[in-house]
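Examining the three-dimensional arrangement
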There are 2 protein chains.
Amino acid sequence: METRELRYFVAVAEELHFGRAAQRLGIAQPPLSRAILQLERRLGVALLERTSRTVTLTEAGAVLLREGRAALDAVDAAGRRTRRAALGGTGPGLVLVTKAGASGDLLSRLLDAYAAMPGAVAVDVVLCGIGEQERQLRDGRADVALLHRPFDSVTGFDTEELSVEGQVAILPAGHPLTGRAHLRMADVTALPGLPLPRWPGPDGAYPDGPGPEAHDSTQMYQLIALGRAAAILPESCRTHLRRDLAAVPVLDAPAVTTVIAWPPHSRSRALAGLVRAATGLVQHVP
Amino acid sequence: METRELRYFVAVAEELHFGRAAQRLGIAQPPLSRAILQLERRLGVALLERTSRTVTLTEAGAVLLREGRAALDAVDAAGRRTRRAALGGTGPGLVLVTKAGASGDLLSRLLDAYAAMPGAVAVDVVLCGIGEQERQLRDGRADVALLHRPFDSVTGFDTEELSVEGQVAILPAGHPLTGRAHLRMADVTALPGLPLPRWPGPDGAYPDGPGPEAHDSTQMYQLIALGRAAAILPESCRTHLRRDLAAVPVLDAPAVTTVIAWPPHSRSRALAGLVRAATGLVQHVP
DNA sequence: GGCATCGATACCTCCCGGGTATCGACGCAC
DNA sequence: GTGCGTCGATACCCGGGAGGTATCGATGCC
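Residues numbered from 1 in each chain as written. Chains lettered and ligands numbered in written order. Predicted model: local features only at pLDDT ≥ 70, side-chain atom pairs only at ≥ 80, totals over all residues. Heavy atoms only, no water.

Let's shift gears to the protein's contact with DNA strand C. Inspection of the region around DNA strand C gives 22 residues, with S33(A), R50(A), R53(A), A28(B) and R34(B) positioned closest. What you see for DNA strand C is that sugar and phosphate hold 66% of its atoms within 4 Å of the protein. S33(A) is positioned such that a nitrogen or oxygen atom in its side chain is 2.7 Å from a phosphate oxygen of DNA strand C. When contributions to the surface near DNA strand C are tallied by element, the ones reaching two or more residues are α2 (18–25) and α3 (29–43) of chain A together with α1 (3–15) and α3 (29–43) of chain B. Taken together, the residues of the surface near DNA strand C sort by class into nine nonpolar, eight polar and five charged. (Near = heavy atom within 4 Å. Polar contact = N/O pair within 3.5 Å; in protein donor to acceptor, adjacent residues only side chain to side chain. Helix = DSSP H or I, 4+ residues; strand = E, 2+ residues; numbered from the N terminus. Nonpolar A, V, L, I, M, F, W, Y, C, P; charged D, E, K, R; others polar.)

Structure follows, in structure tokens:
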């Protein structure tokens, strides 16, 4: 199987429309149809059910979509890491990715601690939107990530736990509940007119629901300040909270574990140092 | 990057010889040279240092060899799993791989427990040589594996621990040490004329050393019976030990943990059932 | 029933992957 | 040092296949 065929199939499987997929791929529709047919013949498997009006995935097609994405990510990662290896000292030594607005304190302490180590290399910090870290780690754009269980999935990565913290409800300043010493999940989820915002899932799509869509923490804070939403976040976000927002501990919210994660089989000297610096932080701040 | 280019590069990087690599790939040498040159141009990276007498990997080339193998495995896995998904009920429902001769008891109990579960599917058991399980799991030939830490690496897989056991020294029956109630590592490693056999590493090559090469447990048992080697193995192997061999506990040998491992993002209904059956065993046999 | 949409088919072109022949560089034997 | 053998690169040719345009057949919609 060639990566070209995989790319073509993934495009069609995502669009469920040969014309749009062809446009996205920058080719005409007939070659795309032929390529998919050829792939199906070669695998001996029906991947798509098509009528002249609709295209749907077969069960096998759904498997190839998931596995094919992972395979394409692995190929991308091979290219990127090879290029990076050739750059040697000129490029960034390590690329660390994390959600914008999360674990800011921990991150700055980590960077300080690592920079103080002998032999430390330059660390590029990439702040990305929700759910994009795993992808960047898998396809080689990043070497290491700070993830937050249980929100982010860590399957397939090597990890070390860095911190565990409770969660707080974020409310507009002056909201009646801000007077309370603590809340329960039920108090927050049932707030009239203040639904929890919806985050994009691992596939980049927003789930259905009543809340407004939020792609990053800035959007979300703005929505809360406007009185259109509430949120439940790790308590470390309090240190940088806007003045027009208030935080109240939520006793029965699940604890959030911050972990440092990296792809297996990729322990470069620099990465090992950064992980060591990270686990060293845990000793100082138990 | 196309998988064809990756396959070509991996072949050359493994052979370090364009002629032999071309032969292995079933093509002539000149197109192979061109393909590698084109790959290097496209990546903008020197992958190989060649003189007219020797070929060596650059640092970037070594990275691409490692990452490229993983990527090719992922592509293979995508194809295989897709075909398997299309087979539906006709093929094996699950393929379980483990080292021949290890954890036999645990395995049969696991298979019995799973078969007794409602909705259980057929399980193909693949017994392979040392160090081949990880590869089979990564490239989709197997769905799930029994691995033994610390001998097998489990990085990149999801795992559940099934059992922890000590290790015993395996000696020819009648050897003076078989009279002892227990031994220490130093007693066994220092045996004159009975070196530990050498196992193939993750790359399939045998490490250097004094001991004889052994590819599977049968070879190894034979070598021990012949008085050419000794071995240190998990104590569960005693249940099926040949009559001409003896086992003596080694107190300070590292404990061996048997785990059930599966690729991340692959929890089919059947796999989940098998994992549940496996963890259920742990309850019964703590 | 006319029409628009969409995937498949027919047919053409041209690029590129693969082949053979050969060159140039290097190691080695004597 | 000279001739020879080995090995990767280059030159050149051929054929298959990837990609393009034009069009067909099926289907949902007004």
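Taken together, the contacts link 35 residues of chain A with 35 residues of chain B. Of the roughly 2,800 Å² buried where chain A meets chain B, counting both sides, 61% is carbon and sulfur surface. When the buried area of chain A at its contact with chain B is split by residue, E67(A), T82(A) and H265(A) rank highest and sum to 19% of it. Along the contact surface separating chain A from chain B lie four salt bridges. With a closest N to O distance of 3.1 Å, R81(B) and E67(A) form a salt bridge. Our count for the chain A to chain B interface comes out at 14 residue pairs in polar contact (both at pLDDT 80 or more). Of all the secondary-structure elements, those providing two or more residues to the side of chain A that touches chain B are α1 (3–15), α3 and α4 (59–87) of chain A. A total of 17 residues in the side of chain A that touches chain B trace back to one element, the largest contributor, which is α4(A). Residues that form the side of chain A that touches chain B fall into these classes: 16 nonpolar, nine polar and 10 charged. (Contact = heavy atoms within 4.5 Å. Buried area = accessible area lost by both parts, 1.4 Å probe. Salt bridge = Lys/Arg side-chain N within 4 Å of Asp/Glu carboxyl O.)

Residues and elements named next belong to chain A. Of the residues making up helix α8 (residues 217–225), those classed as buried are S217, M220, Y221, L223 and I224. Considered in projection along α8, the buried side chains sweep an arc of 160 degrees and stay on one side of the axis. Summarising the contacts, the buried residues of α8 are in contact with β7 (167–172), β8 (231–234) and β9 (245–250). (Buried < 20%, exposed > 50% of the residue type's maximum accessible area, 1.4 Å probe, protein only. Arc of directions from axis to C-beta.)

Bringing the side chain of H175(B) into the picture now. All names here are of chain B. Position of H175 relative to the elements: it lies in the loop between β7 (167–172) and α7 (185–189). Looking at H175, the relative accessible area reads 18%, which means it is buried. Setting aside residues up to four positions removed in sequence, H175 forms contacts with L191 and L194.

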